[in-house]
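A look at the structure
Now for the letters of each chain:
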Amino acid sequence: MSDRELNLSQAEETETEVATYKLVPLNLAQWRQNLMNQSSYQSMPRNGRLAKNTNLSAAALVNSLDGFHQDTVYSYIVATVECYEERLYQTGSGPNFQGDLITLCSCKHLMRTYLDSESWKGIWIAGFTSVKEMDSNSLFYLMKVGEAYESHRALWASSTISEEAKEAKAVHLDKFGDVYQPRRESGSPHSPMSYYRPCRDHVHCEPGDWRQDIKYRDRYGRIPALLVGDPEFSFLWSKPIFESPVKLSRGQRKMKLGELLPFS
């Protein structure tokens, strides 16, 4: 297929997407029924290192983080985390915790522009539930950034991330994926045309949404880094255990890790 034919084909698919993927408001009963369907949320890890770091107690977490009190952490609300019967469900793609890694590559675009990819290493990210889901902001995940990349192409080419993890996170293979596989090695690494499109039922299937995962720039032209958690210091909770000491709202809050978690 020629480039012109490929462009026309993708344009036709885009028109189909716009017509097909419309958000329909759900009533509470429909929402609960969908939430109990496993295809409506990411599955929690059952084995591997991340499974061992899931639902840690306060004492176990503090013990794991000894010596990191003065590290910088960015905390924010994960708007796609829902709470039902005291269980937390991630209905979005970011963070993605498949493949035994936590990654943040498809959400919080603006926040990820604050530092370049090299400077993100060693920074902590904490994602909390919204107050409307709980009476307070409850910690859903915490990770220390181990790797950061300038583009999906660079991430996909990385030898530090296993092929199994890449496939588990690929947007064209999983509806909650947050990593885009390149079609080719040439071309701009920030052009949506350089990557395979998301699968039809992907949570970012709206054309404007998924393209921003690849080409987003802030008003200064900065590109969001793609963040990968250090496997040793990545933690996840499927039930509310920790509450934020400060009320979180839109955006993000920068503070010291010792100010966020109960070290004393």
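Residues numbered from 1 in each chain as written. Predicted model: local features only at pLDDT ≥ 70, side-chain atom pairs only at ≥ 80, totals over all residues. Heavy atoms only, no water.

**Observations regarding the overall build of the protein**
For the protein, the helix and strand inventory stands at 8 helices and 8 strands. A sequence separation of at least 24 residues applies to 74% of the contacts in the protein between residues at least 6 apart. Accessible surface, the protein: about 13,400 Å² in total, of which carbon and sulfur atoms supply 48%. (Helix = DSSP H or I, 4+ residues; strand = E, 2+ residues; numbered from the N terminus. Contact = heavy atoms within 4.5 Å. Areas by Shrake-Rupley, 256 points an atom, 1.4 Å probe, with all protein chains shown as cover.)

**Overview of the side chain of Ser130**
Along the chain, Ser130 falls in the loop between β5 (124-128) and β6 (139-149). In this structure Ser130 comes out as buried when scored by relative accessible area, which is 12%. In this view, Ser130 contacts Ile77, Ser136 and Asn137; residues no more than four positions away in its chain are not counted. (Buried < 20%, exposed > 50% of the residue type's maximum accessible area, 1.4 Å probe, protein only.)

**A look at the packing of aromatic side chains**
A complete count under the given rule lists 12 aromatic pairs for this structure. Ring pairs connect the aromatic residues Phe68, Trp124 and Phe233, which therefore count as one cluster. (Phe/Tyr/Trp six-rings, centres within 6.5 Å; stacked < 30°, edge-to-face > 60°.)

**Quick word on the pattern of salt bridges**
Throughout the structure, instances matching the rule amount to 4 salt bridges. Glu118 serves as the salt-bridge partner of Lys121, at 3.4 Å between the closest nitrogen and oxygen. The exposure class of Glu118 is exposed, given its relative accessible area of 55%. For Lys121, the salt bridge goes to Glu147, with nearest N and O atoms at 3.9 Å. Here Glu147 lies in strand β6 and Lys121 lies in the loop between β4 (103-104) and β5, a separation of 26 residues in the sequence. Classification of Lys121 by relative accessible area gives partly exposed; the value is 33%. (Salt bridge = Lys/Arg side-chain N within 4 Å of Asp/Glu carboxyl O.)

**A closer look at the side chain of Thr113**
Inspection of the secondary structure puts Thr113 in the loop between β4 and β5. Here Thr113 falls in the buried class, since its relative accessible area comes to 2%. Setting aside its immediate chain neighbours within four residues, Thr113 contacts Tyr216, Asp218, Arg222, Ile223 and Pro224.

**Remarks on the pairing of β5**
The buried fraction of β5 is high, at 5 of 5 residues. The alternating pattern of β5 places Trp124, Ala126 and Phe128 and Ile125 and Gly127 on opposite faces, both of which are buried. As judged from the 5 bridges shared by strand β1 (residues 72-77) and β5, these two strands associate in the parallel manner. Each residue of the ladder has a partner; that of Ile77, found in β5, is Phe128. In the sheet, β5 pairs with β6 via 5 bridges, with the strands oriented antiparallel. Bridge pairing links Gly127 to Tyr141 in β6. (Pairing = 2+ DSSP bridges.)

**A short note on the nonpolar core**
Residues Leu104, Trp120, Ile125, Tyr141, Met143 and Leu227 are the most contacted members of the largest nonpolar core, which totals 23 residues. Elements with a minimum of two residues in this core: β1, β2 (81-84), β6 and β7 (226-236). Sequence-distant contacts of Leu104, that is, excluding residues within four places in its chain, are made with Tyr76, Gly94, Pro95, Met111, Arg112, Ile125, Tyr141, Met143, Asp178, Ala225, Leu226 and Leu227. (Core = buried A, V, L, I, M, F, W, Y, C linked by side-chain atoms within 4.5 Å.)

**Structural notes on the sheet that holds β6**
Taken in spatial order, the 6 strands line up as β4-β7-β6-β5-β1-β8 in an open sheet, and their pairing is mixed. Looking along the sheet, the strands with just one partner apiece sit at the ends: β4 and β8 (252-256).

**What about unusual backbone geometry?**
At the junction of Gly94 and Pro95, the peptide bond is cis and its omega measures out at 5° in the coordinates. Its location among the elements puts Pro95 in the loop between β3 (87-90) and β4. Despite not being glycine, Asn55 shows a phi value in the positive range, around 60°. Positionally, Asn55 belongs in the loop between α3 (49-52) and α4 (58-64). In the Ramachandran plot, Asp100 falls in the positive-phi region, its phi being about 65° despite a non-glycine side chain. Within the secondary structure, Asp100 is located in the loop between β3 and β4.

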